[in-house]
Amino acid sequence: MKTLAFIGLGLMGQRMASRLLDAGFALTVWNRDQTKTAALVARGARLAADPAAAAQGADAVLLCVSDTAAVEAVVFGASGVAAGIAAGTLLVDFSSIAPDATRDFATRLQQQTGASWIDAPVSGGTGGAEHGTLAIMAGGNAAAIERLAPVFAPLAARVTRMGEVGAGQVTKVCNQLIVAANSLLIAEAVALAERAGVDPARLAPALAGGFADSKPLQILAPRMASHTHEPVQWKVATLEKDLGNAMALAASCHSPVPLAGQALALMRRHAEAGQAQSDLSTVIDLYRSLH
């Protein structure tokens with residue numbers, strides 16, 4: 001695992017790719033918006049013309065793109081990864097996508113190319129990506145995941161194999177259900193404190209270490225209280241997409257998720273108000289508008 005391809009240089013991918021360069025990997029990069037490759041290329045990464053070219057000669061191909069459709073496009077579309085990846089190569093998908101699609105993609109890739117799929121969605125936000133403290137929840141062959149240990153080491157504080165292909169994405173759906181619903185409840189609490197005459201900036205310090213404490217609380221509540229929504233750390237659209245994946249998975253398993261349904265309705269309402277690309281902390285504005 002010395003030569004890597006990294007496809008998808010958004011909020012998370014840019015930081016993860018940077019850490020792999022710092023760790024000494026030979027890195028080839030591709031991104032739909034090629035302006036996002038400039039900083040990595042300046043530091044020694046090689047720019048590929050398309051995903052197929054990025055995959056050629058790579059020991060592992062790493063993806064971190066926006067959603068299920070984007071994964072399918074960069075892997076199986078024209079000049080996609082499948083056109084360049086070699087048999088025996090590992091494709092590692094850090095994206096958060098639908099578990100059933102992941103299993104389908106893995107089968108298609110194996111049949112078409114002989115390459116193997118590892119779903120390895122991450123949690124920890126942009127801070128975790130920047131500092132190499134992400135949590136990786138992996139699905140796929142155990143020996144293949146073990147082979148990836150040197151790649152995961154600069155990126156994550158913890159890697160957990162959750163089962164076969166798709167199990168990582170199921171785990172990430174559960175993670176995002178909790179994160180998204182929690183973020184909305186944090187907004188409710190901040191708005192309630194404001195309207196009840198308590199300084200909401202004091203909530204996070206006051207609750208630190210108690211049962212209500214969490215990383216989202218400590219990150220989001222101060223930003224909500226101070227109306228600070230830049231730089232973007234989590235996009236509203238991302239959480240809306242992830243809640244949709246949670247609803248679909250729950251329906252396929254006949255598992256009731258009433259809170260997720262309400263969270264999706266609120267997140268979608270906020271996104272449709274023009275906030276889809278805004279930081280998750282802006283959901284406080286939704287609550288400030290409710291009467």
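Residues numbered from 1 in each chain as written. Predicted model: local features only at pLDDT ≥ 70, side-chain atom pairs only at ≥ 80, totals over all residues. Heavy atoms only, no water.

## Overview of the packing of aromatic side chains
Where we set the bar: Two rings from Phe, Tyr or Trp (for Trp, the six-membered ring) form a pair when their centres sit within 6.5 Å of each other. Planes less than 30 degrees apart are called stacked, planes more than 60 degrees apart edge-to-face, and all others tilted. Numbering of helices and strands runs from the N terminus, with a helix taken as a DSSP run of H or I at least four residues long and a strand as a DSSP run of E at least two residues long. Burial status follows relative accessibility: with a 1.4 Å probe on protein chains alone, a residue under 20% of its type maximum counts as buried, one over 50% as exposed, and anything between as partly exposed.
According to the stated counting rule, one finds four aromatic pairs in the structure shown. An angle of 45° between the planes, with centres 5.8 Å apart, marks the rings of Phe-105 and Trp-117 as tilted. Highlighted residues: Phe-105 in helix α5 (residues 99–113) and Trp-117 in strand β6 (residues 116–119), separated in sequence by twelve residues. In terms of burial, Phe-105 and Trp-117 fall into one category: buried.

## Brief notes about the pattern of salt bridges
As a reminder of what qualifies: Here, a salt bridge means any Lys or Arg side-chain nitrogen found within 4 Å of an Asp or Glu carboxyl oxygen.
In this structure the tally under the stated criterion is ten salt bridges. Across the pair Glu-164 and Arg-161 runs a salt bridge, and its minimum N-O distance is 2.6 Å. A relative accessible area of 34% means that Arg-161 is categorised as partly exposed. A salt bridge links Glu-194 to Arg-288; the nearest nitrogen and oxygen atoms lie 2.6 Å apart. Of this pair, Glu-194 sits in helix α9 (residues 167–195) while Arg-288 sits in helix α14 (residues 283–289); the two residues are 94 residues apart in sequence, bridging distant segments of the chain. You can call Glu-194 partly exposed: its relative accessible area is 29%.

## Observations concerning the packing of α9 against helix α12 (residues 236–253)
Threshold: Orientation is described by axes fitted as lines to C-alpha atoms, over the contacting stretch for helices, and by angles from 0 to 180 degrees between their N-to-C directions. Should an angle fall under 35 degrees it is taken as roughly parallel, and over 145 as roughly antiparallel, whereas 65 to 115 is taken as roughly perpendicular and any remaining angle as oblique. For any helix crossing, the convention is left-handed if the near helix is rotated counterclockwise from the far helix by under a right angle, and right-handed if that rotation is clockwise. Between two residues, a contact is recorded if the distance between any of their heavy atoms is within 4.5 Å.
Running from N to C, α9 and α12 cross one another at 120°; their axes reach a closest spacing of 9 Å. Between α9 and α12, the angle is such that the two are oblique. The element α9 and its partner α12 pack so that their crossing is left-handed. In this structure, α9 uses Val-170, Val-173, Gln-176, Leu-177, Val-179 and Ala-180 to contact α12, whose residues at the interface are Leu-239, Asp-242, Leu-243, Asn-245, Ala-246 and Leu-249.

## As for the state of the cysteines
Threshold: A pair of cysteine sulfur atoms is labelled a disulfide when the two atoms are within 2.5 Å.
This structure, assessed with the given rule, holds zero disulfides. Counting only cysteine sulfurs, Cys-174 is the nearest neighbor of Cys-253, a cysteine outside any disulfide, at a range of 9.1 Å.

## Describing the pairing of strand β8 (residues 134–139)
The test is simple: Should DSSP find at least two bridges between two strands, the strands are regarded as paired.
Burial runs high along β8: six of the six residues are buried. Side-chain alternation along β8 places Leu-134, Ile-136 and Ala-138 on one buried face and Ala-135, Met-137 and Gly-139 on a second face that is also buried. The pairing of strand β7 (residues 122–123) with β8 spans two bridges and is antiparallel. Bridge assignment links Ser-123 to a residue of β8, and that residue is Ala-135. By the bridge criterion, six bridges tie β8 to strand β9 (residues 156–163) in an arrangement that is parallel. Opposite Ala-138, over in β9, you have Arg-161 as the bridge partner.

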